[in-house]
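Given next are the chains, with one letter for each unit.
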Amino acid sequence: MLDVLGSLLLHVVPFLLVISLVVTIHELGHFWVARAFGVKVDQFSIGFGKRLWSRTDRHGIEWRVAALPLGGYVKFSGDLDASSVPDQAGLAELKARLIAEQGPGAERDYFHFKPIWQRALIVAAGPAANFILAAVLFTIVFSWVGEQVAAPRVAQVVSGTPAAAAGFQRGDLVLAIDGRPVVAADEVTRKVVLSAGEVLTFDVRRGEEILQLTATPVRVMEQDQIAGRVRIARIGMALGPLSAADFTYRRLNPVEALGQGVAAISDTLDTTLTYLGRILTGRESGDLLSGPLGIAKAAGGVTQQAVQAEGDLGLRSANLILTLLQFAALVSIGIGFVNLLPIPVLDGGHLVFYAYEAVARRPVPAPVQEAGFRVGLALLAGLMLFATWNDLQKLNLFAFLGGLAS
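Residues numbered from 1 in each chain as written. Predicted model: local features only at pLDDT ≥ 70, side-chain atom pairs only at ≥ 80, totals over all residues. Heavy atoms only, no water.

So, about the overall build of the protein chain. If you tally the helices and strands in the protein chain, you get 11 helices and 12 strands. Taken over 406 residues, the protein chain has a buried fraction of 40%. When the accessible surface of the protein chain is summed, it comes to about 21,300 Å², and 63% of that surface belongs to carbon and sulfur atoms. (Helix = DSSP H or I, 4+ residues; strand = E, 2+ residues; numbered from the N terminus. Buried < 20%, exposed > 50% of the residue type's maximum accessible area, 1.4 Å probe, protein only. Areas by Shrake-Rupley, 256 points an atom, 1.4 Å probe, with all protein chains shown as cover.)

Take a look at the structure:
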């Protein structure tokens, strides 16, 4: 039982630390830009549900922490509904009430009466803050550890796999895939993972000879310490340095580290968009999508790897900090990206509404807004259920519960 509790703490504590940081920065992005434009704010909340702590500042803003730390919100004064996009009748009623209660011009301090470009910037500031946070965290990590690149050298070929059938041998150096040059092992891995069922052409250096080998990645079930049980595309070869020449390292100054951080964000978004595109075209099942359970599992996995690394307590502590910073950066990118999806109730949905308003010169009609809000909630609920089912499959929860019962 103590092992179970220890395992839960190992997963829950890092998860809460990471998600709280990412959510707080996201909401602060909305908040800071709104306040910069003079918007009145009633409430800033981290989490939903029952209030655990609150304080009201001199501006009348209630700062609160709620029981469910899986989100948060900024409540602007005058919000009429959860979508924050009132229709024309609602706006007129609100404006008349504000003028009657506070005098002419009072409405200019309220979010809904700000120019469209200001409202759009306020909404976009949340995801933007997530990407900025990721850039800062990556910059810290790269400044600390520098740039480390492992050449795409074949260290092992598993018999009976596509790589073996293609003729790969230990010591081969991958130069390009489908004509696109690669310089690092993780580039090869990323391409293979996103190419299940597709024929890939590899340009390979073997000694003084340049060869072209073709292999088709196939999905296999793996038990990953971080992700859990996953079906993922592989070709059956391991990449790794066979000599010191296959591994390069250089220290980075803050500007270079920032550049590497931005590049990491770009690579992550590119991978995400490619994967989603493959899901929409039926080439992927979507079983790698994760929800809160999957993020908690991953947080525990990276924490466990960090604390079990070799070295003294100081070295392992530094490794843990760097690992969690990098993990938080990836989570921040994910949350920023998801919030930009054009789904009503998300930031991207608000931006779509504002685009309509800018063109039509009037807010989205109330029936359309209400229908969009309901469809958005349904889409989010469905996506959450799908991701949670994936998480349960990866965690092999039923086997875990069976082990507890025995």
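For the rest of this paragraph, the subject is a nonpolar patch on the surface. A contiguous nonpolar surface patch, about 470 Å² in accessible area, is contributed by Ile 132, Val 136, Ile 140, Trp 144 and Ile 321. Counting residues per element, the nonpolar patch draws most heavily on helix 3 (residues 116-145), at 4 residues. By the element assignment, Ile 140 lies in helix 3. Since its relative accessible area comes to 38%, Ile 140 is described here as partly exposed. (Patch = residues over 30% accessible without salt bridge, like charges linked within 9 Å, V, L, I, M, F, W, Y side chains within 5 Å. Salt bridge = Lys/Arg side-chain N within 4 Å of Asp/Glu carboxyl O.)

With that settled, the discussion passes to helix 6 (residues 254-280). Compared with an ideal rise of 1.5 Å per residue, which puts 27 residues at 39 Å, helix 6 spans 39 Å between its outermost C-alpha atoms and is within 8% of the ideal. Taken together, the buried residues of helix 6 touch helix 3 and helix 8 (313-339). Two or three places before Val 255, at the start of helix 6, stands the capping residue Asn 253, its side-chain oxygen 3.0 Å from that residue's backbone nitrogen. Gly 282 lies just past helix 6 and shows a positive phi near 80 degrees. (Expected span 1.5 Å × (residues − 1). Contact = heavy atoms within 4.5 Å. Polar contact = N/O pair within 3.5 Å; in protein donor to acceptor, adjacent residues only side chain to side chain.)

Side chains that differ in sign of charge can pair as their charged atoms come close. Applying the stated criterion to the full structure yields 12 salt bridges. A salt bridge links Glu 198 to Arg 278, with the shortest nitrogen-to-oxygen separation between them at 2.5 Å. Of this pair, Glu 198 sits in the loop between helix 5 (185-193) and strand 7 (200-206) while Arg 278 sits in helix 6; the two residues are 80 residues apart in sequence, bridging distant segments of the chain.

A separate point is the sheet that holds strand 8 (residues 209-215). Pairing in this open sheet of 4 strands is antiparallel, and the strands run 6-5-7-8 from one edge to the other. Each edge of the open sheet carries a strand with a single partner, namely strand 6 (180-181) and strand 8. For strand 5 (residues 173-177) and strand 6, the ladder comprises 2 bridges, and the chain directions are antiparallel. Bridged to Ile 177 within strand 6 is Arg 180. Running at roughly 155 degrees to strand 7, helix 5 makes contact with strand 5, strand 6 and strand 7 of the sheet. (Pairing = 2+ DSSP bridges. Axes fitted to C-alpha atoms, helices over the stretch in contact; angles between N-to-C directions.)

Attention now goes to the packing of aromatic side chains. Applying the stated criterion across every chain, the model contains 8 aromatic pairs. When the centroid spacing of 4.8 Å and the interplanar angle of 35 degrees are considered together, the rings of Phe 44 and Trp 63 count as tilted. Remark: Trp 63 occurs in strand 2 (residues 62-76) and Phe 44 occurs in strand 1 (residues 41-56); sequence separation between them is 19 residues. With centroids separated by 4.7 Å and ring planes inclined at 5 degrees, the aromatic side chains of Phe 76 and Phe 111 adopt a geometry described as stacked. (Phe/Tyr/Trp six-rings, centres within 6.5 Å; stacked < 30°, edge-to-face > 60°.)

Here we take up the side chain of Glu 62. If you trace the backbone, Glu 62 turns up in strand 2. Of the polar contacts made by the side chain of Glu 62, one reaches the side chain of Arg 64; its length is 3.4 Å. If we ignore the near neighbours within four places in the chain, the residues touching Glu 62 are Asp 42, Gln 43, Phe 44, Arg 51, Ser 54, Arg 55 and Thr 56.

Packing of helix 3 against helix 8 brings their axes to within 8 Å, and their N-to-C directions diverge by 155 degrees. One way to sum up the angle between helix 3 and helix 8 is to call them roughly antiparallel. Seen from above, helix 3 lies across helix 8 with left-handed handedness. Grouping the amino acids of the contact of helix 3 with helix 8 by side-chain chemistry returns 20 nonpolar, 5 polar and no charged. (Parallel < 35°, antiparallel > 145°, perpendicular 65-115°, else oblique. Left-handed = near helix turned anticlockwise from the far one by under 90°. Nonpolar A, V, L, I, M, F, W, Y, C, P; charged D, E, K, R; others polar.)

Another point: helix 5. Among all positions in helix 5, only Ala 185, Val 188, Val 192 and Val 193 are buried. Taken down its axis, helix 5 places every buried residue within 125 degrees of arc, on the same side. (Arc of directions from axis to C-beta.)

Moving on, we get to the environment of Ala 120. Within the element layout of this structure, Ala 120 appears in helix 3. Judged by its relative accessible area of 22%, Ala 120 is partly exposed. Sequence spacing of Ala 120 and Phe 353 is 233 residues, and the spatial spacing of their C-alpha atoms is 9.6 Å. Residues within four places of Ala 120 in sequence aside, it is in contact with Leu 351 and Tyr 354.

Moving on, we get to the nonpolar core. Judged by nonpolar contacts, the single largest core of 46 residues is most densely connected at Phe 31, Phe 76, Phe 111, Phe 138, Ile 265, Phe 327 and Val 331. Of all the elements, helix 3 adds the most residues to this core, at 11 residues. Leaving out residues up to four positions away in the same chain, Phe 327 has contacts with Val 18, Ile 295, Ala 298, Ala 299 and Val 302. Counting 17 residues, the second-largest nonpolar core is a separate cluster that includes Ala 166, Val 174, Val 188 and Met 237. (Core = buried A, V, L, I, M, F, W, Y, C linked by side-chain atoms within 4.5 Å.)

With that settled, the discussion passes to the packing of helix 3 against helix 9 (residues 347-360). Contact geometry for helix 3 and helix 9: axes closest at 9 Å, N-to-C directions at 165 degrees. By the angle class used here, helix 3 and helix 9 are roughly antiparallel. Remark: the crossing between helix 3 and helix 9 carries left-handed chirality. Residues Ile 116, Arg 119, Ala 120, Val 123, Ala 124 and Pro 127 of helix 3 lie in contact with helix 9, whose contacting residues are Asp 347, His 350, Leu 351, Tyr 354, Glu 357 and Ala 358. For the contact of helix 3 with helix 9, the per-class residue count stands at 8 nonpolar, 1 polar and 3 charged.

This part takes up unusual backbone geometry. Unusually for a residue other than glycine, Asp 178 sits at a positive phi of about 50 degrees. Relative to the assigned elements, Asp 178 resides in the loop between strand 5 and strand 6. Taking relative accessible area as the criterion, Asp 178 reaches 43% and is therefore assigned partly exposed. Although it is not a glycine, Arg 361 sits at a positive phi angle of roughly 60 degrees. With respect to the element layout, Arg 361 can be found in the loop between helix 9 and helix 10 (366-395). Judged by relative accessible area, which is 75%, Arg 361 ranks as exposed.

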